[in-house]
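Working through the structure, step by step
So the chains spell out like this:
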Amino acid sequence: MSYPGQAFRIDRHVTDVDGGNPRDEVAFGITHLTPAQADAATIGCLVRRHWGIETRLHWVRDVVYDEDRSQVRTENGPRVMATLRNTAISLLRHVGVPNIQRAVNYLHRHPQQVARILFP
C-alpha cells in the first residue's frame, strides 16, 4: 500500500524580538498533499499559518497564565500544565469568549461559573 504525500525540511533564521540571540532552526514536516496538489509556495503558506497559530497560542498562555515564569520544571509537570492551559483556552474559545484574559479573571473570582461553561 502506498501513501501519497511529501516530507519537507524548512531552514529558518530566528532572532528574538529584542534583537538578541539569533539562531538557526531546522523543522521537518509531513503532509498528505502530493507535489501536484501543493507546490513549495503552498506548503510554505501552510507552515507559516501553523507557526502563526503556535505563536498566538504561546502569547495567550504567557499573558493569561504567566507561563514563562512558571516554577513547574520537573518530570511531566510542564507538559501537564501546558495541556491544562491549552484545554482551558480551547474551551473558552469554543464557547465564544472574545477576551480570554477577562474571562479567566472573571472565572477566578467566580469559580462556580465554570460549571455553567462546561455543562450549559
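Preceding block: the structure.
1. What to know about the overall build of the protein
What the protein contains, in helices and strands, is four helices and two strands. Going through the 120 residues of the protein one by one, you find that 22% of them count as buried. Counting contacts in the protein only where the partners sit at least 6 residues apart, residues at least 24 apart contribute 41% of the total. For the protein, the exposed surface amounts to about 9,600 Å²; the carbon and sulfur share of it is 58%.

2. A closer look at a nonpolar patch on the surface
Together, L91, V114, L118 and F119 line one region of the surface with nonpolar side chains, adding up to about 370 Å² of accessible area. Among the secondary structure elements, L118 is positioned in helix 4 (residues 113–118).

3. Concerning the environment of V47
Within the fold, V47 resides in helix 1 (residues 40–65). Overall, V47 belongs to the buried group, its relative accessible area being 12%. The sequence separation of V47 and I10 amounts to 37 residues, and the corresponding C-alpha distance is 9.1 Å. Apart from the residues within four sequence positions on either side, V47 is in contact with F8 and I10.

4. Concerning the side chain of Q6
As for its position among the elements, Q6 is in strand 1 (residues 6–14). Using a relative accessible area of 19% as the deciding quantity, one classes Q6 as buried. Among the polar contacts listed, one links the side chain of Q6 to the backbone oxygen of L33, at a separation of 3.4 Å. Looking at Q6, its side chain comes within polar contact range of the main-chain oxygen of T34, at 3.3 Å. Not counting chain neighbours up to four residues away, the residues in contact with Q6 comprise G29, I30, T31, L33, T34, P35, A38 and I43.

5. Things to note about helix 3 (residues 100–109)
Buried residues of helix 3: I100, A103, V104 and L107, and no others. Along the axis of helix 3, the buried positions cluster into a sector of 100 degrees, meaning they face one direction only. Pointing more than 90 degrees away from the buried face of helix 3 are the exposed residues R102 and R109. Between a side-chain oxygen at the N-terminus of helix 3 and the backbone nitrogen of Q101 the separation is 3.1 Å; the capping residue is N99.

6. Remarks on the nonpolar core
Soluble, globular proteins show a tendency: their nonpolar side chains are buried together. By size, the foremost hydrophobic cluster in this structure holds eight residues: V60, V64, I89, L92, I100, A103, V104 and L107. Contributing elements (two or more residues each) for this core: helix 1, helix 2 (77–94) and helix 3. Per element, the largest residue contribution to this core is four residues, and it comes from helix 3. If we ignore the near neighbours within four places in the chain, the residues touching A103 are L92 and V97. Counting seven residues, the second largest nonpolar core, distinct from the first, contains F8, I10, A38 and V47.

About the criteria used
Residues numbered from 1 in each chain as written. Predicted model: local features only at pLDDT ≥ 70, side-chain atom pairs only at ≥ 80, totals over all residues. Heavy atoms only, no water. Helix = DSSP H or I, 4+ residues; strand = E, 2+ residues; numbered from the N terminus. Buried < 20%, exposed > 50% of the residue type's maximum accessible area, 1.4 Å probe, protein only. Contact = heavy atoms within 4.5 Å. Areas by Shrake-Rupley, 256 points an atom, 1.4 Å probe, with all protein chains shown as cover. Patch = residues over 30% accessible without salt bridge, like charges linked within 9 Å, V, L, I, M, F, W, Y side chains within 5 Å. Salt bridge = Lys/Arg side-chain N within 4 Å of Asp/Glu carboxyl O. Polar contact = N/O pair within 3.5 Å; in protein donor to acceptor, adjacent residues only side chain to side chain. Arc of directions from axis to C-beta. Core = buried A, V, L, I, M, F, W, Y, C linked by side-chain atoms within 4.5 Å.

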